[in-house]
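Structure assessment
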Amino acid sequence: MEVTPRLTWNEEKSLQKLLGNVSLRLLYKSSVHGNSFGTMLNKCSCQGSTILMVYLPNNVFGIFVLESYPEMSEHLKKPTTSFLLSFQKNKIMEMTAAFFNSTVDLIDNKLRFNFSQVQYVLLRSNTQNIFIPRLLGEKLGLTYDFKSQYTEYEIILHSVSTELRAYRPYADLVSEIRILLLGPVGSGKSSFFNSVKSIFRGHLTRQAIVGSDISTITEKYRIYSIKDEKDGKSLPFMLCDSMGLNEKDGVGLCVDDIPHILKGCMPDRYQHPTFITSPSLNHRIHCVAYVFDINSIDNLSFQMLAKVKQVQKEVLKCGKSHCTYQKSFMLKSKYIHRKLQKRVRDVNMMLGIPKSNILVVENYASEREMDPLQDILILSALKQMTRAADDFLEDLPLE
């Protein structure tokens, strides 16, 4: 008999939405595989990002470990990036607290997630109890030391990068899809490519030179492939970077060049009139992503907004699927979340793009180390772009 998660359909969808519409797979179930934490960690170590779901009579607690559980040989002391989430019966799931660089301790039958010396979650397998001290409980809406008996726990595997590595364009019509990044100068187009490449390389890289908010560095049309550091093979999607749009005529990307780019007439590093005269479907653009800086979206001039709408018309003439991507900062509070929702509504009204196609991420810019939280949003946005490209391919006429 197939082993399935205990999450209801609505709970699973809420969890997927919280994590960026990712797929989830059950990795371990205590009622089937055993209640031993040692057995669970041996099975789940180095599997990727996982969620520990602990089921109680009236609520569910989840601990999302954004990096692999450390191997047993490392004594579980390696810091991991994780956050705590919870939802109560008859309430929708929502992330309630975030903590970084936690450690995991396994001592006899006790599994403890340490967010600080006084903030932790403790589980005992012999009594099936969960304990949350008051300081942490207050962040979850509890006004007392929380102790309860859990009925079961599950480990659910989450990995957007695995899905993207396994991606294949619709009906194998093309060998790889091409995603065109368009937007004002300094909006983050080149940074988005660098961020995607960094994730699949496993370390920060800056192949595309990045400009400032007022000047553009990208002077040539570039078509970037992305190689997987696991096997060195190119992944089935390419990011196409162009000059930034400028409100002044004759500066930045020329709107008249856009139809040629969309049709695949412009080769990599194009600067002069050396067109591809008979481009194939492989050469064409399959998805257009408009890139804006969420912190300056309200300051777009009338001239810039008019130029963006002119570009949209050219894109729609070619029948391209499109989405809007915004660079932003990680959300840490409901207040910021409300501000973000307003910005999304503003973009929806300004550009007429459906809210479901407006994706919010944070590029790697001045960071020195990778952040799995940023990776999730970047890869989730890329995944939506591949889906938009598939929609375009599926909608092509038979001939």
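Think of each chain on its own: its residues are numbered from 1, step by step along the sequence as written. Predicted model: local features are reported for residues with pLDDT of at least 70 only, side-chain atom pairs are reported and counted for 80 or more only, and whole-chain, interface and lining totals are derived from all residues. Side-chain metrics rest on all non-hydrogen atoms present in the structure, leaving aside hydrogens and water.

**Side note on the overall build of the protein**
When its secondary structure is counted, the protein shows 10 helices and 16 strands. Working definition: with a 1.4 Å probe on protein chains only, accessible area under 20% of the residue-type maximum means buried, over 50% means exposed, and in between means partly exposed. The proportion of buried residues among the 399 residues of the protein is 51%. Contacts are assigned to residue pairs that have any heavy atoms within 4.5 Å of one another. Taking the contacts inside the protein whose residues are at least 6 apart along the sequence as the reference set, 64% of them involve residues at least 24 apart. In this text, helices come from DSSP runs of H or I with a minimum length of four residues, and strands from runs of E with a minimum of two, each type numbered from the N-terminal end.

**What about the pairing of strand β1 (residues 24-29)?**
The buried fraction of β1 is high, at 5 of 6 residues. Bridge count for β1 against strand β10 (residues 152-158) is 5 bridges, and the pairing is antiparallel. Bridged to R25 within β10 is L157. Only strands joined by at least two bridges in the DSSP assignment are considered to pair.

**Remarks on the nonpolar core**
As a rule of thumb, nonpolar side chains are buried together in soluble globular proteins. Of all hydrophobic cores here, the largest spans 50 residues; its most connected members are I179, F200 and F237. Per element, the largest residue contribution to this core is 10 residues, and it comes from helix α10 (residues 372-394). When residues of this core are assigned to domains, at least three fall in each of domain 1 (9-158) and domain 2 (164-395). Residues within four places of F237 in sequence aside, it is in contact with L164, Y167, E176, I177, F200, I226 and L382. We call a set of buried residues a nonpolar core when its members are Ala, Val, Leu, Ile, Met, Phe, Trp, Tyr or Cys and they connect through side-chain atoms within 4.5 Å of each other. Counting 33 residues, the second largest nonpolar core, distinct from the first, contains M266, F292, V344 and V360. Residue ranges for the domains originate in an automatic or database domain assignment.

**Observations regarding unusual backbone geometry**
Despite not being glycine, A171 has its phi angle at roughly 55 degrees, a positive value. Following the sequence through the fold, A171 ends up in the loop between α5 (160-165) and β11 (177-182). At D172, a position not held by glycine, the phi torsion is positive, near 55 degrees.

**Section: helix α1 (residues 9-18)**
Within α1, the full set of buried residues consists of E11, L15 and Q16. Take α1 and look down its axis: the buried residues cluster within an arc of 135 degrees, on one side only. Exposed residues pointing more than 90 degrees away from the buried face of α1 are listed as W9, N10 and K17. It is the directions from the helix axis to the C-beta atoms whose arc is reported.

**Observations regarding the environment of T274**
With respect to the helices and strands, the residue T274 is situated in the loop between α7 (258-262) and β14 (287-293). If we ignore the near neighbours within four places in the chain, the residues touching T274 are C265 and P267.

**What about the packing of aromatic side chains?**
Pairing of aromatic rings covers Phe, Tyr and the six-membered ring of Trp, with a centre-to-centre limit of 6.5 Å; geometry is then stacked below 30 degrees between planes, edge-to-face above 60, and tilted otherwise. For the structure on display, the rule yields 7 aromatic pairs. Summarising the aromatic geometry, the rings of F37 and Y153 are spaced 5.5 Å apart at their centres and angled 40 degrees between planes, so their arrangement reads as tilted. Placement of the pair is F37 in helix α3 (residues 37-44) and Y153 in strand β10, with a sequence separation of 116 residues. For the pair F37 and Y153, a shared accessibility class is recorded, and that class is buried. Where F193 meets Y224, the ring centres are 4.0 Å apart and the plane angle is 15 degrees; that geometry is what we call stacked. Within this pair, whereas F193 is found in helix α6 (residues 189-201), its partner Y224 is found in strand β12 (residues 222-227), the two being separated by 31 residues in sequence. You can call F193 buried: its relative accessible area is 0%. A network of ring pairs unites the aromatic residues Y28, F37, Y150 and Y153 as a single cluster. Between the NZ or CZ atom of R112 and the centre of the ring of Y120, over which it lies, the distance is 3.7 Å. Criterion for a charge above a ring: Lys NZ or Arg CZ within 6 Å of the ring centre, and within 35 degrees of the ring normal.

**Observations concerning α6**
One fewer than the residue count of a helix, multiplied by 1.5 Å, yields its expected span. The end-to-end C-alpha distance of α6, which contains 13 residues, comes to 19 Å, matching closely the 18 Å that a straight helix rising 1.5 Å per residue would cover. Taking burial as the measure, the 13 residues of α6 include 12 buried ones, the bulk of the element. Of the positions making up α6, those classed as buried are K189, S190, S191, F192, F193, N194, S195, V196, K197, S198, I199 and F200. Trailing α6 by a residue or two, G202 shows a phi angle of about 85 degrees, which is positive.

**Re the pattern of salt bridges**
Salt bridges are counted wherever a side-chain nitrogen of Lys or Arg sits within 4 Å of a carboxyl oxygen of Asp or Glu. The tally for this structure, following the rule as stated, stands at 11 salt bridges. Put simply, D268 and R269 hold a salt bridge, and the shortest N to O gap is 3.9 Å. D268 sits in the partly exposed class, given a relative accessible area of 32%. A relative accessible area of 47% places R269 in the partly exposed class.

**Overview of the pairing of strand β8 (residues 129-132)**
Sheet analysis places strand β7 (residues 120-124) next to β8, joined by 3 bridges and oriented antiparallel. Note that in β8 the partner of L123 across the bridge is I130. Hairpin geometry of β7 and β8 is characterised by an intervening segment of 4 residues between the two adjacent antiparallel strands and by a positive phi of about 55 degrees at Q128. Where β8 lies against strand β9 (residues 146-149), 4 bridges are found, and the strand directions are antiparallel.

**Remarks on the confidence of the model for the protein**
pLDDT is a residue-level measure of predictor confidence that goes from 0 to 100. With 82% of its residues at a pLDDT of 70 or more, the protein has an overall mean of 81. When the criterion is pLDDT under 50, residues 70-76 qualifies, and its contacts beyond four places in sequence or with other chains add up to 16 contacts. Segment residues 328-336: pLDDT under 50, and 15 contacts once partners within four positions in sequence are set aside and those in other chains are kept.

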